[in-house]
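# Understanding the architecture of this molecule
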Amino acid sequence: MQFSRAVLAFFSGSLLVGCTGTISSEGTDRARATGGMASTGGNGASGGEAGGPGGGQDGNRASVGPAQWRRLSGDQYVKIVKDVLGVDVSRSALLADTKTGLFATNISPVQETEVDRYASVAESVADKVDGAAVAKCAVANRACAEKILNETASRLYRRKLQSEESKALLALFDLGNADGFKTGASLMFRAMLQSPSFLYLVEFGESDEATGLQKLGPYETAARLALVLWNTAPDATLLGAAASNALGTVEEIKQQAQRMMQDPRFALSAADFYLQLFRVNKLVREGAISKASLGGFSAEIRQAMVDETTAFVVDAIRNNEATVANLLSAKHSFPPAPLVTFNGISAASVKANGRVDFVDGKRAGLLTMSGFMTAEPPTPTAYGAVQRGKVIREDLFCQHMPPPPPGLNFTEPPDAAITPQRELLAQHQSDATCKGCHRLMDNIGFALENYDAFGRYRDAYPRGEKVDPSGLIEGETDVDGDFTGPEQLGAMLARSKDVRNCLAEQWFRYAVGREPTSEDDGSVAILAKTLREGAGDIPSALLAFVQTDAFRFIQGVQ
Amino acid sequence: MANQGSRRKFMANIVGGAAAARLMPLMPRAAFGATDAPKRLLCVFSPMGYLENFFWPRGEGADFTLGETQTALTPYKDKLLYMNGLMHSAHNTGDRRAERPGVVWDNEHGNGIAAVFTGNMKDLQGKYSLSESIDQTVAKYLYSQNATAYKSIALADGNGGPGPHSSCFYSGPGQPVTPITLPRVAYDTYFDKLQITGPSASDAAAIAAATRRKLVNQSVVDTVRSEFNAVCARLGVRERQLCDAHLAGLRLVEKRVQDVGQVNLAQCAKPAQPGAGNASDFEGALRANIGMIRAAFACDLTRVATLQLGNADGGVDLAGFANQHGTTHAMGDNPSATVESDHKRWDQFYAKQWLYLLEQLSSVPEGNGSMLDNTLVLFGSDTTTGQTLARGAHNGFRFPMWIAGGGNFAFRTGRQLMFPVMPPGTQATAANKWGYDYKGGKYLYHNALLVSVAQAFGMNINAYGSHDQGVGGVPGLK
């Protein structure tokens, strides 16, 4: 683990660095460390250790960071209940998720109110489930209740139920069955939907002598595969593979993953990653984007912005174009009808399948779509370029930007909102106390000034000044240099290895639900390496990742 | 007062049988009187403070007139208590930073919102407050004396989800309380299944139905708990804590299902059921939330509630109003008339909402007074917008943390107390604007007020949060 020191330096250092030349280097050290490991570390995911346990990514021993118990995200809850029980639950019936970085992971302790919500939502879902139909029973009777336990419950629990569990649930059925099958079945569903095996990712693993770690059991592996690749419950095939103990080797995991990636659920799940990464999902979370004072925008437009991002990623997955390069620079999109009007796109340019090609260079990849440009900044601010630049620095280069020093005068000059950002933020470029950090942020944000607060393309500011979208990336990234406008920014990000290393960390957070530690370096490196190769194919990277230690093992009970 | 719809449903579930022994607890009881009304706490957060010159009353003691933007509250003037001159203790000032080298400091909003009810600063990542908030401190204490159905309830609008700039209430270090952000969800949680028993509750068949429901509910809880117990037992220390947190929540669920969610207080009535969708009408949603807090207090479901408006990022977001955050930032030394008037509109908007809140609490009679007299309402914000000191943007001077109600047990209201803001003759300058020497005791930190609040509920607390000056509570409140 020759790189662990650099990585640790990043974790402790990233919290306190300033921008005087140290921040960016430490940030990229981390990315380069993980990258470097991949190239020097020998056997990777597909490195032929399929035959047995052990064989970590560095070729010596398996290693993985501390396990993290987590609850389903609100979206996962809603999806699973819909997929398995056919019942619609409003996302807002559950409390807001807590996050790891940008991703809903719910690793913090549950709150009393939340336990209450789970109880209450379980009751209302249970009242609506048609148990006999869900389990495809010919007759609604006790045998049907047993069928529910054998089949439906296994999907909710993501494993076969233990006999004591089935017995207890069947006793509930009997209690309610006095009032009829529906009541009996609904009591079972009520309990199942509050079960730790449904609400939490319960993982114990099986002791693995070769590594000293716990290797995930077949059902636990199936559950992870389903949540990472589909964002929902495993299907019967996956559970079948687990039941026949056919998810033990990397080869078996790989086969299942390949099958799952052909399913439409994978494309939607991949889109979900980007909706969270680029904050686009906030657009439909009430209150998260506060722009009413700018005139507001309708719920229909908000939803259309989310749908555009989703459609773009789904299309890319379907056509094997889901590469980092393409997602960050593609000059086409799928704006739904309300957004076509909102963005002033000519209806004639919309193809039959909804695709619009931006031959004018006005859009290039996810960053320039309405969703991200509206979500960032989330509130009307006169300093939008700072915010957009900061987000790109932090979330695509994984370089932490410290807050401004104390004692600043934040008073906005008159007409700040309509003044060109470059003029408004001129001091950031010259003042010694500002420029260390601000040049790293503002000069990226300026390149996105062609988009107003709702992501509408503009050539000029409200008073008529022409937008100057020239930008500069500097500060020890691998793509440092001048550029002009969103199209060139997209192209630079698309080819940056640092961005891909950073995306590897982001995918790790999304998939594992916690911050990577030095013990995860090998696994992150594999993800990063796959993303750095060629155009950086996302499905290939995920396929490699599900074979890593971080995906297959957990630490034992501490 | 029973909800008719709910009682019909209740009666429809009758399965027969009688349980005379259970008649007693179902008998309706009188309203709370002068002596047995519970002490309650309501903490209210609104972002971006107020424009100070137009917020603070003129005058001192009982002889004062309300600030220009707050005149809507005049009918309740004798229920209000202003402490003019407190300093927000964990603001983004130089001395705060010096205390914790290496800390990632959030901006003034982020630090402000985390510290307003906790009196403590943020964790090393600049995310969440390092300690619990006063509502939870009081809630735990009151619950230990009298276990209401809920220890506390937390309501907010859609801006109130957990986050470094949106969490102001904490159940423990780094543990923000996640509020319910949709009125309908709050209704479903607290009132949908609540059985308010009226005279007909003595009906034997109704009691049998309730008994049956209790048995069923308990069986479900038992099943769930046994699964949790089996899982928890196998977890390591850290994860065991997460599992235990869930079991603790389950105990509260259980307590409620044992009571079959019944309340028999005469003044208890369900609030109107809010619409199911997202509330685009901010004011309507706020009023629905206020209605639910009033009902939850009247039904004695809880004695502590929190209400959060907006957050410390964008403030409150309302069509027809200038962007709130931008407006506060635009307040320079010589703000334009437009900016000042925009800011005043916001502050008047708040006053209008507070008026509604006070009206609602006053509308429930308790003893010779009303629910308001038995409810200490503590208003707080992340910052203030200065005009006399540290002008312009947000700061912690003359921090607008103020009180309404609670006169029956807490403080003598109908007054403005003045606390020295700065030494005589000191002028605000660019140099001393952000870094006064607080250790010289020139400013009374708002921690002292949090201490006073805890003491008002009978708690033996003399310090609160991390910047407590050791002065105990705010002098002169009683």
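Calculation criteria
Residues numbered from 1 in each chain as written. Chains lettered and ligands numbered in written order. Predicted model: local features only at pLDDT ≥ 70, side-chain atom pairs only at ≥ 80, totals over all residues. Heavy atoms only, no water. Phe/Tyr/Trp six-rings, centres within 6.5 Å; stacked < 30°, edge-to-face > 60°. Buried < 20%, exposed > 50% of the residue type's maximum accessible area, 1.4 Å probe, protein only. Lys NZ or Arg CZ within 6 Å of the ring centre and 35° of its normal. pLDDT = per-residue confidence, 0-100. Contact = heavy atoms within 4.5 Å. Axes fitted to C-alpha atoms, helices over the stretch in contact; angles between N-to-C directions. Helix = DSSP H or I, 4+ residues; strand = E, 2+ residues; numbered from the N terminus. Parallel < 35°, antiparallel > 145°, perpendicular 65-115°, else oblique. Left-handed = near helix turned anticlockwise from the far one by under 90°. Salt bridge = Lys/Arg side-chain N within 4 Å of Asp/Glu carboxyl O. Buried area = accessible area lost by both parts, 1.4 Å probe. Nonpolar A, V, L, I, M, F, W, Y, C, P; charged D, E, K, R; others polar. Pairing = 2+ DSSP bridges. Disulfide = S-S within 2.5 Å.

Inspection of the entire model under this criterion finds 41 aromatic pairs over all chains. Ring centres of Tyr187 of chain B and Phe191 of chain B lie 6.1 Å apart, and the angle between their planes is 40 degrees; this geometry places the pair in the tilted category. In this pair, the class of Tyr187 of chain B matches that of Phe191 of chain B, namely buried. The ring of Phe454 of chain A has Lys291 of chain A sitting right over it, with the charged end atom 5.9 Å from the ring centre. We note Lys151 of chain B situated over the ring of Tyr143 of chain B; from NZ or CZ to the ring centre the distance is 5.5 Å.

A few words now on the confidence of the model for chain B. All names here are of chain B. Here chain B shows a mean pLDDT of 81. Residues at 70 or above account for 79%. Here residues 427–441 is a poorly scored stretch, pLDDT under 50, and it has 29 contacts once near neighbours within four places are set aside; other chains count. Prediction confidence for the complex, expressed as pTM and ipTM, is 0.85 and 0.88 respectively.

A few words now on the packing of helix α7 (residues 183–190) of chain B against helix α10 (residues 282–298) of chain B. Residue and element names in this part refer to chain B. Interhelical geometry of α7 versus α10 gives an angle of 15 degrees and a closest axis separation of 9 Å. In terms of axis orientation, α7 runs roughly parallel to α10. As for how α7 packs across α10, the hand of that crossing is left-handed. Only Ala285, Ala288, Asn289 and Met292 of α10 make contact with α7, whose side of the interface consists of Pro183, Ala186 and Tyr187.

The next thing to look at is the pattern of salt bridges. All names here are of chain A. Applying the stated rule across the entire model yields 45 salt bridges over all chains. Asp88 is the salt-bridge partner of Lys82, the closest N and O atoms lying 3.2 Å from each other. Measuring nitrogen to oxygen at the nearest pair gives 3.0 Å for the salt bridge that ties Asp263 to Arg265. Connected via shared salt-bridge partners are Asp75, Arg91 and Asp97.

What follows covers the interface of chain B and chain A. Across the boundary between the two partners, chain B contributes 73 residues, which contact 70 residues of chain A. Together, the buried faces of chain B and chain A total about 5,800 Å²; carbon and sulfur atoms form 57% of this surface. Sorting the residues of chain B by area buried against chain A places Glu227, Leu242 and His246 of chain B first, and these three jointly supply 11% of that buried surface. For Glu123 of chain A, the salt bridge is made with Arg213 of chain B, and the minimal N-O distance between the two is 3.4 Å.

Attention now moves to the packing of helix α18 (residues 384–396) of chain A against helix α23 (residues 497–512) of chain A. Residues and elements named next belong to chain A. As a packed pair, α18 and α23 sit with axes 8 Å apart at the nearest point and diverge in direction by 70 degrees. Relative to α23, the element α18 lies roughly perpendicular. Residues Glu394, Asp395 and Leu396 of α18 pack against Asp498, Val499, Cys502, Leu503 and Gln506 of α23. For the contact of α18 with α23, the per-class residue count stands at four nonpolar, one polar and three charged.

Now for the pairing of strand β6 (residues 153–156) of chain B. Residue and element names in this part refer to chain B. Burial along β6 is two-sided: the residues Ile153 and Leu155 and Ala154 and Ala156 are all buried. As judged from the four bridges shared by β6 and strand β11 (residues 304–308), these two strands associate in the parallel manner. Paired with Ala154 across the two strands is Thr306, which belongs to β11.

The subject of this paragraph is the sheet that holds strand β3 (residues 206–208) of chain A. All names here are of chain A. A sheet is described by the order of its strands in space; here three strands give the open sequence β3-β4-β9, paired in antiparallel fashion. Single-partner strands in this sheet number two, and they are β3 and β9 (553–554). Both strand β4 (residues 213–215) and β9 contribute to a ladder of two bridges, which runs antiparallel. Within β9, the residue paired with Gln214 across the bridge is Ile554.

The next subject is the state of the cysteines. Counted by the stated rule, this structure contains four disulfides over all chains. Between the sulfur of Cys137 of chain A and that of Cys144 of chain A lies a disulfide, 2.0 Å long from S to S. Between Cys137 of chain A and Cys144 of chain A the sulfur-sulfur dihedral comes to about 85 degrees; the bridge is accordingly right-handed. Under the relative-accessibility criterion, Cys137 of chain A is labelled buried at 17%. Classification of Cys144 of chain A as buried rests on a relative accessible area of 2%. Bridging Cys232 of chain B to Cys243 of chain B, the disulfide has an S-S length of 1.9 Å. Handedness here is read from the sign of the S-S torsion; for Cys232 of chain B and Cys243 of chain B, about -85 degrees, the answer is left-handed. Within this pair, whereas Cys232 of chain B is found in helix α8 (residues 204–232), its partner Cys243 of chain B is found in helix α9 (residues 237–258), the two being separated by eleven residues in sequence.

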